[in-house]
Amino acid sequence: MNGVTKIQDRSPQPAPTTEAMPILEMRGISQIFPGVKALDGVSIKLYPGQVTALIGENGAGKSTLVKILTGIYRPNEGEILIDGVPTTFASAQAAIDAGVTAIHQETVLFDELSVAENIFLGHAPRTRFGTIDWRKINSGAKALMLQLESEIDPTIRLRDLSIAQRHLVAIARALSVEARIVIMDEPTAALSRKEIDDLFRIVEGLKRRGKAILFISHKFDEVYEIAENFVVFRDGRAVGQGRLKQTPQDEIVRLMVGRDVKDVFPKVEVAIGAPVFRVENYCHPTEFRDISFELRRGEILGLYGLIGAGRSELCQSLFGVTRPSSGQLVLEGKPLDIRSSGDAIRAGIVYVPEERGRHGLALPMPIFQNMSLPSLGKTSRSGFLKAANELALARKYAERLDLRAAALSVPVGTLSGGNQQKVVIGKWLATQPKVIILDEPTKGIDIGSKAAVHAFIGELAAEGLSIVMVSSELPEILGMSDRVMVMREGLAAGMFEREALSAEALVRAATGNQ
Amino acid sequence: MNRLLKNREILLTIIIALMIAGFSTRAPGFAEPGNLANIFNDTSILIILALGQMTVILTKSIDLSVAANLAFTGMAVAMTNAAYPDLPLALLIVMAIGIGAFLGAINGYLVWALRIPPIVVTLGTLTIYRGMAFVLSGGGWVNAHQMGPTFLNIPRMPVLGLPILSWIAILIVLGAWFVLNRLPFGRAAYASGGNPTAAIYAGIDIGWTKFLAFVVSGALAGLSGYLWVSRYAVAYVDIAAGFELDTVAACVIGGISIAGGIGSVAGAVLGALFLGVIKNALPVIGISPFAQMAISGIVIVLAVVFNARAERKAGRIILRDRGAREVSA
């Protein structure tokens, strides 16, 4: 982590000197989860009538910040001031009452309710008998939609609307509760250029009404178009903030990435051998298209991209969990026909999934049974399970991975995150694969375990395994990979050899920013 | 001692022993070996059905059609026996298991291929199977005098001090332990309930595993159909009505998690015995028949509350992990 501090010392700029008083100020906010410090002493200010762009890599702490501002998490340290008055958000409702509203990536609205009901849910106008005043709801909704220059009929159900129209409904809802602070979490992710233009016109309107807007986006062109101020997050810290007009784009990319990679990841030099695995024109009906690459013995191929770029979907498809619409896999010169994950395991391709809780482990089952699960064919004798063989297998990989557990028969759910990750990796190594696909191998685990996992990945490569490593962490990608493929919106956006690797180039390819 | 109390099976054994001791102060002779053997024999069918139910519940499913399956199969073998008294008993038993397995396979197929939630599927087939029993019998009864002596007497015949019915239950218990702990199918059942996604990633076909679990449950229900009809010496449409709930209750009391993936054969057996002891004791200690159902219901609820608390303790770390996952999302 020493690389981080080096850049951080010179990067923070003085906060914007604006005469106006910030509507909302966060001072020294920290949010700590077991093993992870999601936010570390973050301070930001939001001003009326201004858009502040929040920029950062995946996992930099943006979502955590949104959850604190909307009252879902309570920070461990720091204070939130509204109009200069310290406030605590005890619940989501408290945040709404304080005037904070969030419009999420997938807007949190109710498909089966009408537009008007969605707008007024929880604060519907009442008649004098205490029943819901439908006339007022519908006319109120219509008036709000007209303010947003939209003619959507407030009585139609939400599920009949497009995503852009749903955003409008969410914004109308924000207006109806008279929110003063509007958080927009990647609102443009699923919108077309025209819809984005419409949205931006509405954002300009919100600015004129004096709302403070926190705009989260990966896309620099949009950020420069709509925002006045910026905050860059990295590893849970606000590493830079200021006025966008005075800040060139390169500076922001540098802040986002900013660390000296080679110090943190000593790359194990491995002699790279002959091609082992080839993917030819792999396509999926909806998630990715025309992906081709080749993997050599002992090689680590990094797979970089933003969330939603199709990386995990590609890997799941290579592993037979989903079927491609076309394309061919070739392993050691032989074409493969993979119809299920069982086929992939037998062929020697394994996938260590990203969410170890959801995809990786049966938490109530003992460690050794989790480890042996994909290898039962090898540990069983004539169709009967052999606990002794399973234990021997588990012991071998537990020792190799330095797994810390009271016994191999305790449920996996009792282990720490880092040790659970070791069980997942051990489980897949035990199948003795030729190609191993690691999806975010160090996500959500502590620094110490991270280093151990990185060292271990290096060892695997040295033993001749071919590795595909999906990661959203640039330092990890830059430090570990022999080559990097960048994906953007389901397409291969570039292939970089190690000599040509640079954080800036990868981010440019991933964001489509020239 | 504390560790022993944390083991659910041992705890349940102690509770059952205490219950028996308590009841014997009110009803002398309750704790005598002869009476205990009777209770076990009385509970045999519940034990067999609970083991089938457990296999299904492990895969995160539920089979509400077991009692209806039992009624249909029981009716079918009783009518066959009445119409063709010369057919050997072994053939009738094979027939009962076969019909039961087939009805279970229908459940399993609907769950597997059409992806209908198991509770919906088996609620539907519960009614269908009972209705089929009605159609088959025309609403009529098969009484003791229509059944052959072998058909009626074999399960009651004592061998080494226990009736054959009890020995069948013991064999099924051993068989269930073997299948769930020594065969890959058993491991697949635990894994597909414990974490379906992880199971798929490990190359396990959870649809097929669920299908097999329903076939096992159906086959055991079919076998129980014969045992029930022979034991009570009568077959009619409404036999064992509502008994599916007893099988679920036995599993829940025995610590089989309704969410799937957790549970042991010993737990299911002890859960069934717990219910068996209560059902046998309440009449003996002079509790009014009107109050008996309510009391056993209360005991079941207490057992479930107790289990839920135990599960929550075990789940703490899992919950923490969920919290951490949300951060990264």
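I'd like a description of the sheet that holds strand β11 (residues 275-283) of chain A, backed by residues and values.
All names here are of chain A. Spatial ordering of the open sheet is given by β12-β11-β14-β15, a layout of 4 strands whose pairing is antiparallel. In the strand order of this sheet, the two ends are held by β12 (291-296) and β15 (334-336), each with one partner. Between one strand and the next, the sheet's axes are offset by a mean angle of 20°, whatever the strand orientation. Bridge count for β11 against strand β14 (residues 326-331) is 5 bridges, and the pairing is antiparallel. Looking across to β14, one finds that C283 is bridged to S326.

Tell me about the packing of helix α3 (residues 33-58) of chain B against helix α11 (residues 206-232) of chain B, and please be specific about residues and values.
All names here are of chain B. Contact pair α3 / α11: the axes reach a minimum separation of 8 Å and the direction vectors enclose 170°. As summarised for this structure, α3 and α11 are arranged roughly antiparallel, according to the angle between their axes. Residue-level inspection shows I45, I48, L49, L51, G52, Q53, T55 and V56 of α3 in contact with α11, the latter providing A213, F214, V216, S217, L220, A221, L223, S224, L227 and W228. For the contact of α3 with α11, a count of residues per class yields 13 nonpolar, 5 polar and no charged.

So what's going on with helix α7 (residues 193-208) of chain A? Residues and values would help.
All names here are of chain A. Across its 16 residues, α7 extends 23 Å between first and last C-alpha, which sits within 8% of the 22 Å expected from 1.5 Å per residue. Of the positions making up α7, those classed as buried are L199, V203 and L206. Projected onto a plane normal to the axis of α7, the buried residues spread over an arc of 50° and lie on a single side. Opposite the buried face of α7, by more than 90 degrees, sit the exposed residues R193, K194, D197, R201, E204 and R208. Contact partners of the buried residues in α7: β3 (51-56), α6 (163-176), β7 (181-185), β8 (212-216) and α8 (220-226).

Can you break down the domain arrangement of chain A residue by residue, with the values?
Domain parsing of chain A yields domain 1 (2-99 + 181-259), domain 2 (111-179), domain 3 (262-348 + 433-514) and domain 4 (360-432). Using C-alpha coordinates to define each centre, domain 2 of chain A is positioned 45 Å away from domain 3 of chain A.

Which residues make up the pairing of strand β16 (residues 349-352) of chain A, and what values go with them?
Residues and elements named next belong to chain A. Covered by surrounding structure in β16 are I349 and Y351 together with V350 and V352, the residues of both alternating faces. Pairing analysis gives 4 bridges linking β16 to strand β17 (residues 435-439), with the strands arranged parallel. Within β17, the position partnered with I349 by the bridge is V435.

Run through the sheet that holds strand β20 (residues 491-497) of chain A, naming residues and quoting values.
What links the strands of a sheet is backbone hydrogen bonding, and the strands pair in either a parallel or an antiparallel sense. Residue and element names in this part refer to chain A. Sheet architecture is open: 6 strands sit in the order β16-β17-β18-β13-β19-β20, paired in mixed fashion. Of all strands in the sheet, those with a lone pairing partner are β16 and β20, marking the two edges. Averaged over all adjacent pairs, the angle separating strand axes in this sheet is 20°, with direction ignored. Where β17 meets strand β18 (residues 466-470), 5 bridges bridge the pair, whose relative direction is parallel.

How each quantity is defined
- Residues numbered from 1 in each chain as written.
- Chains lettered and ligands numbered in written order.
- Predicted model: local features only at pLDDT ≥ 70, side-chain atom pairs only at ≥ 80, totals over all residues.
- Pairing = 2+ DSSP bridges.
- Helix = DSSP H or I, 4+ residues; strand = E, 2+ residues; numbered from the N terminus.
- Axes fitted to C-alpha atoms, helices over the stretch in contact; angles between N-to-C directions.
- Parallel < 35°, antiparallel > 145°, perpendicular 65-115°, else oblique.
- Contact = placed C-beta atoms within 7 Å.
- Nonpolar A, V, L, I, M, F, W, Y, C, P; charged D, E, K, R; others polar.
- Expected span 1.5 Å × (residues − 1).
- Buried ≥ 20, exposed ≤ 12 C-beta atoms within 10 Å, placed from the backbone.
- Arc of directions from axis to C-beta.
- Domains from an automatic or database assignment.

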